[in-house]
Amino acid sequence: MKIKSFLAKPFASYIHKQIKKGMETAVQDQQSIFAQLIKDAAKTEFGKEHGFADIKTYEDFVKQVPIRDYEAFKVYIERIKEGKHNVLWKGQPIYFAKTSGTTSGVKYIPITKDSIPNHINTARNALLCYMAETGNTQFADGKLIFLSGSPELERVGGIPTGRLSGIVNHHVPKYLRSNQMPSYETNCIEEWEEKLDKIVEETINQNMTLISGIPPWMQMYFDRLTEKSGKKISELFPQFSVMVQGGVNFEPYKAKLYESIGKKIDCIELFPASEGFFAFQDSQHEEGLLLNTNSGIFFEFVPAGEIFNANPTRLSLKDVKVGENYALIINNNAGLWGYNIGDTVKFLSTNPYRLIVSGRTKHFISAFGEHVIGEEVEAALLKAAEEEQVKVTEFTVAPMIAQDAGKSYHEWFIEFENTPADMNRFAKKINENLRTKNVYYDDLIAGNILQQLKISAVKKNGFIDYMKSIGKLGGQNKLPRLSNDRKIAEALSDFIEN
């Protein structure tokens, strides 16, 4: 055993015990964070405008601070970019995390001196919990890679600005720098495929023990490695034992990733975003992600069906229920208040508070009143794929609204690794699975308003080529599972099999 893995054991045990204690005090910790956030921001511009000095309870806060998305926050961000201090939080942010929004264009999310530990320590804690539970510390002695955006930063309003993964790269502890792959120069390459080739070149002969990233981009990395070596990933990297992933639901990618590796290995799921690190997988034996209840974020939850209402129901942690879909709202020590991050979550348990990410508030189909969400389409497809022994590379769904005498339907764009033996039977199975998941969809099919879904098979690497065509290949970019319009569907017409 080498020094890093040896020293990791006691630290992992200590952190794991602290997190276990935090499970028992989650509601109290949230109340304490709420009180501290209001106190610390009372003299900011936002705090003064919203009467923070008079807020004594969560109910007071709900009355005085509406739910906002980024568009409604932009006026404050612009003030910060102009050089103003004490706008949303004390002083100025130490970074802007630059991210592409689906409706807002480029977004600049503030990260402060107080909020940066949330991003750094949560990823560390996820790995330490894994070490403490499994006893596997050996991976700390090998080479580690996170497939991420460039660490190069620009300045916006005098504030260092870049992708969150690039910002975090600057805070990798010194004791891990010698383990980190790829080189800084390679990580700075903006063009994804060029960068991927360099990453493969630098890592193919290394002792890779941990690989991390968004699942579709990890799959591309594995595919390139296998093309170049002719070997499965576990043959190429015999000590590779931990895969860390997040950003999208892992289930649709899992079978192909494990097949590429050549065996099942341990996996740690994370729920990070530019706005904060919200949850992480703390156990290999329990389903779901542990909510990060003591890390500078006060969480609110809105029943997903109410998120676009003028005055939706707002709940704090103590009032959430298992099995309900909630839009996730955050308030944090970076100065985001009543902020709708756009994700929906569902609690699997409340002792401790473990959840899954069930979809996006703006990624749904309700062209006909069905309000189908990401969790439902993923489950419907996975069940059919398992029964038909089909592997799916990628997919997205859009409504097709009939313009003539025909009936409307959902169009599924699917890239297959192996095509179903009977495409009509496969489509019928997905359709029936979705009917059992969504009562409104079932009613529309039964009422003859919608016809059965149709599948448009996408060419091999078609989704990669599509993402490349819109300049969103690699890094943290993700393909929406669902659209309520035909924009993506129309763009994919060039990538359909004839």
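Residues numbered from 1 in each chain as written. Predicted model: local features only at pLDDT ≥ 70, side-chain atom pairs only at ≥ 80, totals over all residues. Heavy atoms only, no water.

Helix and strand content of the chain: 18 helices and 20 strands. If you line up the chain on its principal axes, its C-alpha atoms span 65 × 55 × 45 Å. Across the 498 residues that make up the chain, the buried fraction comes to 54%. Intrachain contacts of the chain at a sequence separation of at least 6 include 66% that bridge at least 24 residues. Positive and negative side-chain charges in the chain, numbering 60 and 62 respectively, have mean positions lying 5 Å apart. (Helix = DSSP H or I, 4+ residues; strand = E, 2+ residues; numbered from the N terminus. Buried < 20%, exposed > 50% of the residue type's maximum accessible area, 1.4 Å probe, protein only. Contact = heavy atoms within 4.5 Å. Lys, Arg positive; Asp, Glu negative; His and termini not counted. Charge placed at Lys NZ, Arg CZ, Asp CG, Glu CD.)

Applying the stated criterion across every chain yields a total of 23 salt bridges. A salt bridge links K81 to E78; the shortest N-O distance between them is 3.2 Å. Separated by three residues within a single helix, K81 and E78 lie in helix α5 (residues 70-81), roughly one turn from each other. For K81, a relative accessible area of 24% corresponds to the partly exposed category. (Salt bridge = Lys/Arg side-chain N within 4 Å of Asp/Glu carboxyl O.)

Let us now look at the packing of helix α15 (residues 423-437) against helix α16 (residues 439-446). Taken N-terminus to C-terminus, the directions of α15 and α16 make an angle of 125 degrees; their axes are 5 Å apart at the nearest point. In terms of axis orientation, α15 runs oblique to α16. Counting all contacts with α15, which are made through N431, L434, R435 and K437, the residues of α16 involved are V439, Y441, D442, I445 and A446. In the contact of α15 with α16, the residues fall into five nonpolar, one polar and three charged. (Axes fitted to C-alpha atoms, helices over the stretch in contact; angles between N-to-C directions. Parallel < 35°, antiparallel > 145°, perpendicular 65-115°, else oblique. Nonpolar A, V, L, I, M, F, W, Y, C, P; charged D, E, K, R; others polar.)

Further remarks concern the sheet that holds strand β18 (residues 392-400). Adjacent strands of a sheet pair through backbone hydrogen bonds, lying either parallel or antiparallel. Strand order across the open sheet formed by three strands is β18-β19-β20, with mixed pairing between neighbours. Because the sheet does not close on itself, it has two edges, and the strands there are β18 and β20 (454-457). Averaged over all pairs of adjacent strands, the angle between their axes in this sheet comes to 25 degrees, without regard to strand direction. Where strand β19 (residues 409-416) meets β20, four bridges bridge the pair, whose relative direction is parallel. Note on β20: the bridge partner recorded for F413 is S456. (Pairing = 2+ DSSP bridges.)

By themselves, these figures tell us nothing about what the structure is for.
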